[in-house]
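Given next are the chains, with one letter for each unit.
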Amino acid sequence: MSKMDALRAMREARYAQDQARAAQRSAPPRVRPQPTPRPAEASTPPAHDAEAQPDDELCGHRNMSGRTCTRERGHAAKSHRYS
Ligand SMILES: [Zn+2]
């Protein structure tokens, strides 16, 4: 094998390699990208029943007609306020 033939063989081999690499690069990815995981559902606590669970800041005492005391929790006033 002459020197020229060796050089040509080397060049052709490199060319073939480049072609193969280019084909790989342009080929569509075999693995489909994973779908982005949905963010976990907002961990909002279940809505409290306003009637059953009065605001912590309020007395929450209920009178006979079912109204809730609107005074602050542990209010000093002896009477409850239903407004
Ligand atoms: Zn009260």
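So, here is what we can say about the structure in this document.

Thresholds, definitions, all that
- Residues numbered from 1 in each chain as written.
- Predicted model: local features only at pLDDT ≥ 70, side-chain atom pairs only at ≥ 80, totals over all residues.
- Heavy atoms only, no water.
- Helix = DSSP H or I, 4+ residues; strand = E, 2+ residues; numbered from the N terminus.
- Buried < 20%, exposed > 50% of the residue type's maximum accessible area, 1.4 Å probe, protein only.
- Contact = heavy atoms within 4.5 Å.
- Areas by Shrake-Rupley, 256 points an atom, 1.4 Å probe, with all protein chains shown as cover.
- Donors = N, O, S within 2.8 Å, 3.2 Å for Na, K, Ca; no water.
- Tetrahedral: all angles 85-135°; square planar, octahedral: opposite > 155°, others 65-115°.
- Salt bridge = Lys/Arg side-chain N within 4 Å of Asp/Glu carboxyl O.
- Patch = residues over 30% accessible without salt bridge, like charges linked within 9 Å, V, L, I, M, F, W, Y side chains within 5 Å.

## Quick look at the overall build of the protein chain
For the protein chain, the count of helices and strands is 1 helix and 0 strands. Taken over 83 residues, the protein chain has a buried fraction of 4%. Looking at the protein chain alone, contacts between residues at least 24 apart form 0% of all its contacts between residues at least 6 apart. Taken as a whole, the protein chain presents about 8100 Å² of accessible surface, with 54% of it coming from carbon and sulfur.

## A few points about the coordination of the zinc ion
Cys-59 (SG), Cys-69 (SG), His-75 (NE2) and His-80 (ND1) make up the full set of protein donors to the zinc ion, lying at 1.9 to 2.3 Å. One way to put it: the 4 donor atoms around the zinc ion meet at angles of 100 to 115°, and that makes the site tetrahedral. For the zinc ion, the donor residues sit on a single chain with the sequence spacing C-x9-C-x5-H-x4-H. Separated by 16 residues along the polypeptide, Cys-59 in the segment after α1 (3–26) and His-75 in the segment after α1 bring together distant segments of the chain. By relative accessible area, which is 11% here, His-75 ends up buried.

## Focus on the pattern of salt bridges
Tallying each qualifying case throughout the model produces 2 salt bridges. For Asp-5, the salt bridge goes to Arg-8, with nearest N and O atoms at 3.8 Å. Taken together, the residues span about one helical turn, with Asp-5 and Arg-8 both in helix α1 at a distance of 3 residues. Assessed through its relative accessible area of 46%, Arg-8 is described here as partly exposed. Its salt-bridge partner being Arg-21, residue Asp-18 comes within 3.9 Å of it at the nearest N-O pair. You can see Asp-18 and its partner Arg-21 sitting in helix α1, 3 residues apart, about one turn around the helix. Given the relative accessible area of 40%, Asp-18 is considered partly exposed.

## Some remarks on a nonpolar patch on the surface
There is a patch of nonpolar side chains on the surface, built from Met-4, Leu-7 and Met-10 and spanning about 300 Å² of accessible area. Relative to the helices and strands, Met-4 is located in helix α1. Overall, the relative accessible area of 54% leaves Met-4 in the exposed class.

Geometric values such as these leave the question of function open.
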